[in-house]
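# Fold and geometry: a report
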Amino acid sequence: MSAAATAHPTTAEDPSAQEASSQPARTRYVILGMGNRCEMYIHAIAGPHADVAELVALADTNPGRVHFYQDQVETEHSQRPASFDPGTLTGYIQAEGIDRVIITTPDFTHADYIVEALTAGADVVVEKPLTVSAEASARIAQTVRETGREVIVTFNYRYSPRNTALKAAIQDGSIGEVTSVDFTWVLDTVHGADYFRRWHRIKENSGGLLIHKASHHFDLVNWWIADTPQRVYASGGLKFYGSESASKRGIDAAERGTRDGSETDPFALDLRSDERLQALYLNNEHHDGYRRDQDVFSPGITIEDNLALVVDYSRGAILNYSLNAHSPWEGYRVAVNGTEGRLELEVIERAAVLPAAGGSPVDPSVSDDAQSNRLRAKGERLLLQRHWEEARELEIVNGEGAHGGGDRLLLADVFRGAGEDPYKRPAGLVDGIQAIAVGVCGNESLATGSAVKVADLDLGLEAAADV
């Protein structure tokens, strides 16, 4: 029991304490990782879910970023969470009675923190991807089986109304049995480039875009067709970013984006141009030396920017997937072929990147900013065409907030518990493993030049299924 807890009077001594004890106890949370992604959870706990959740403390290896969010919470929510060293996670969980740990740290650190939190007696909510390797995945699954604790992986794309609408149409049998999926995702020279500035650019850190980014996409396919991947063949490479590709095009890399004259470089991210990025990253570089604004054409990048995969599924469906990270527009197109017809979803999140937009790391899927003209405009459309019929458009009903209101729905499930959901959107450990299975096998295929079977890599699926 913490020192703060021992200072409270017993219910026999204080009638008001007895009344308070009849109220449901709030779930006690800590958050590890003070990058951009933690903010969604911080404001959800301190705001709309404060009646069921308590934000006890924040932690990061960079104390400056912890102070940034402590100040923000204090300003916006009139409370100031505590802080602790991530290296003391076990002790803090046990001393403060922490129920759940939210992990938004770099991908390669997920497994160690997950295993430690579970072993210390807390459940875990982790940002995708679950982890970056088969070995780490198996270690997490084994720890879940041994401890009986819970791991929730937050796949917010499942909750986006357009993706739920596609799931509903497949689930309702509108195209019969699924035979194949064609899925193309393009990241533009704002959002896509941002993965080549940050820690993600090192494959050991992120697993590359096949895991860090595409685990979202593979989870969607797994969920849409309610099936599991069995075999993966991948091809790809670093063909646009990086020093070698840039040299072929006569491009010289700068040391970093934050520099004089950066306004003429559409690929430069000058942290001084954004008050929040300056306060969160530039002002805190002296703590750990981390640079958020590395040049996308500088040496040292080990992830791919062009990728293509073929994935075989257990019931016979085939996925044809491609990812490009230097497109002039951003969005995705997916077609699901079935024995009775075809579904097509097209999403344009940013219609164009003009030079003035260079450097902004904003994800267009959570922003209203867009360039559009009559040839390409921001928007979304879901079409159903059954055999022997004309195409018709299916309605997509958006809500308020990021990702068409999807983030709000996800957070409600995380903090209040998932109710009956006909679309089975809440994702657990098995879902998290199946989502990275394609990327892990894809990376192995890139290395060997051969197709890789999921069953040949020990991802811990057997242990996870026993939970």
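Notes on the structure follow. (Residues numbered from 1 in each chain as written. Predicted model: local features only at pLDDT ≥ 70, side-chain atom pairs only at ≥ 80, totals over all residues. Heavy atoms only, no water.)

### Section: the overall build of the protein chain
Heads up, the condition is: Secondary structure counts use DSSP, requiring at least four H or I residues in a row for a helix and at least two E residues in a row for a strand, with both numbered from the N terminus. We take the radius of gyration over the C-alpha atoms and set the globule estimate at 2.2 Å times the residue count to the 0.38 power. By definition, residues are in contact when any of their heavy atoms lie within 4.5 Å. Note on areas: Shrake-Rupley, 1.4 Å probe, and residue coverage restricted to the protein chains presented here.
Across its full length, the protein chain holds 18 helices and 15 strands. Here the C-alpha radius of gyration of the protein chain, 23 Å, is about what a compact globule of 467 residues would show, namely 23 Å. Seen through its C-alpha atoms, the protein chain measures out along the principal axes to roughly 75 × 55 × 45 Å. If you take every contact in the protein chain between residues at least 6 apart in sequence, the share linking residues at least 24 apart comes to 76%. Roughly 20,400 Å² of accessible area belongs to the protein chain as shown, and the carbon and sulfur atoms make up 48% of that amount.

### Remarks on the pairing of strand 1 (residues 27-32)
Consecutive residues of a regular strand have side chains that alternate between opposite faces of the sheet. Definition in use: At least two bridges found by DSSP between two strands is the condition for calling them paired. Convention used here: a crossover is right-handed provided that the path from the first strand, over the helix, to the second strand proceeds clockwise when the strands point away from the viewer.
Pairing between strand 1 and strand 2 (residues 53-59): 6 bridges, direction parallel. Paired with V30 across the two strands is A57, which belongs to strand 2. Where the polypeptide runs from strand 1 across helix 3 (residues 38-46) and back to strand 2, its parallel neighbour, the crossover connection is right-handed. Across 4 bridges, strand 1 lies against strand 4 (residues 100-103) in parallel orientation. Looking at strand 4, one finds that I31 is bridged to I102.

### Looking at the sheet that holds strand 10 (residues 318-327)
The cut-off we apply is this: Helix axes are fitted only over the stretch in contact, all axes being lines through C-alpha atoms; the angle between N-to-C directions runs from 0 to 180 degrees.
Pairing within the open sheet is mixed, and its 9 strands lie in the order 14-13-12-11-7-10-9-8-15. At either end of the open sheet lies a strand with only one pairing partner, and these are strand 14 (392-394) and strand 15 (452-453). In the packing of helix 8 (residues 161-171) onto the sheet, contacts are made with strand 7 (178-188), strand 11 (330-338), strand 12 (341-350), strand 13 (379-386) and strand 14, and the angle to strand 12 comes to roughly 175 degrees. Along the sheet, helix 12 (residues 214-225) makes contact with strand 7, strand 8 (229-237), strand 9 (306-313), strand 10 and strand 11, crossing strand 7 at roughly 155 degrees.

### Some thoughts on the packing of helix 7 (residues 134-147) against helix 17 (residues 429-448)
Just so we agree on the cut-off: Throughout, the term roughly parallel applies to angles under 35 degrees, roughly antiparallel to angles over 145, roughly perpendicular to angles from 65 to 115, and oblique to all others. Gly falls in the polar group here, along with every residue not listed as nonpolar (Ala, Val, Leu, Ile, Met, Phe, Trp, Tyr, Cys, Pro) or charged (Asp, Glu, Lys, Arg).
Contact pair helix 7 / helix 17: the axes reach a minimum separation of 11 Å and the direction vectors enclose 170 degrees. As far as their axial angle goes, helix 17 and helix 7 are roughly antiparallel. Residues A134, S137, I140, A141 and V144 of helix 7 lie in contact with helix 17, whose contacting residues are L429, I433, I436 and V440. Considering only residue class, the contact of helix 7 with helix 17 consists of 8 nonpolar, 1 polar and no charged.

### Focus: unusual backbone geometry
Let me state the cut-off plainly: Note on exposure labels: buried denotes an accessible area under 20% of the residue type's maximum, exposed denotes more than 50%, and partly exposed covers the range between, all computed with a 1.4 Å probe on protein chains only.
Residue P129 follows K128 across a cis peptide bond; omega there is -5 degrees. Secondary-structure assignment places P129 in the loop between strand 5 (123-127) and helix 7. Although it is not a glycine, A226 sits at a positive phi angle of roughly 50 degrees. Assignment of secondary structure puts A226 in the loop between helix 12 and strand 8. Accessibility expressed as a relative area gives 48% for A226, which makes it partly exposed.

### Thoughts on the nonpolar core
Put simply, the rule is: The nonpolar core is taken to be a set of buried Ala, Val, Leu, Ile, Met, Phe, Trp, Tyr and Cys residues, with the residues joined through side-chain atoms within 4.5 Å.
Counting residues in hydrophobic clusters, the biggest one holds 98 residues, and the most contacted among them are V101, V151, F183, W224, Y241 and L343. Tallying contributions element by element places helix 17 first for this core, with 8 residues. In terms of nonpolar packing, the next biggest core, distinct from the first, is built from 30 residues, A53, I102, Y281 and F415 among them.

### What about a nonpolar patch on the surface?
Definition in use: Only residues above 30% relative accessible area that lack a salt bridge enter a patch, with like-charged residues linked at up to 9 Å and the nonpolar side chains Val, Leu, Ile, Met, Phe, Trp and Tyr linked at up to 5 Å. Salt bridges are defined by distance alone: a side-chain nitrogen of Lys or Arg within 4 Å of a carboxyl oxygen of Asp or Glu.
Nonpolar side chains collect at one region of the surface, where Y233, V310 and I318 lie side by side and expose about 250 Å² of accessible area between them. Position of I318 relative to the elements: it lies in strand 10. Using a relative accessible area of 40% as the deciding quantity, one classes I318 as partly exposed.

### So, helix 16 (residues 406-416)
Note the cut-off: Of all possible arcs, the one meant is that of the directions from the helix axis to the C-beta atoms.
Looking only at helix 16, the buried set comprises G406, D407, L410, L411, V414 and F415. The buried side chains of helix 16 occupy one side of the element, clustering within an arc of 145 degrees when seen end-on. Following helix 16 by one or two positions, G417 adopts a phi angle in the positive range, close to 95 degrees.

### A look at helix 12
Defined as follows: The length a helix should cover is 1.5 Å for every residue beyond the first.
For helix 12, spanning 12 residues, the distance from its first C-alpha to its last is 17 Å, which sits close to the expected 16 Å at 1.5 Å a residue. Burial runs high along helix 12: 12 of the 12 residues are buried. Turning to helix 12, its buried residues are A214, S215, H216, H217, F218, D219, L220, V221, N222, W223, W224 and I225. A226 sits one or two residues past helix 12 and shows a positive phi near 50 degrees.

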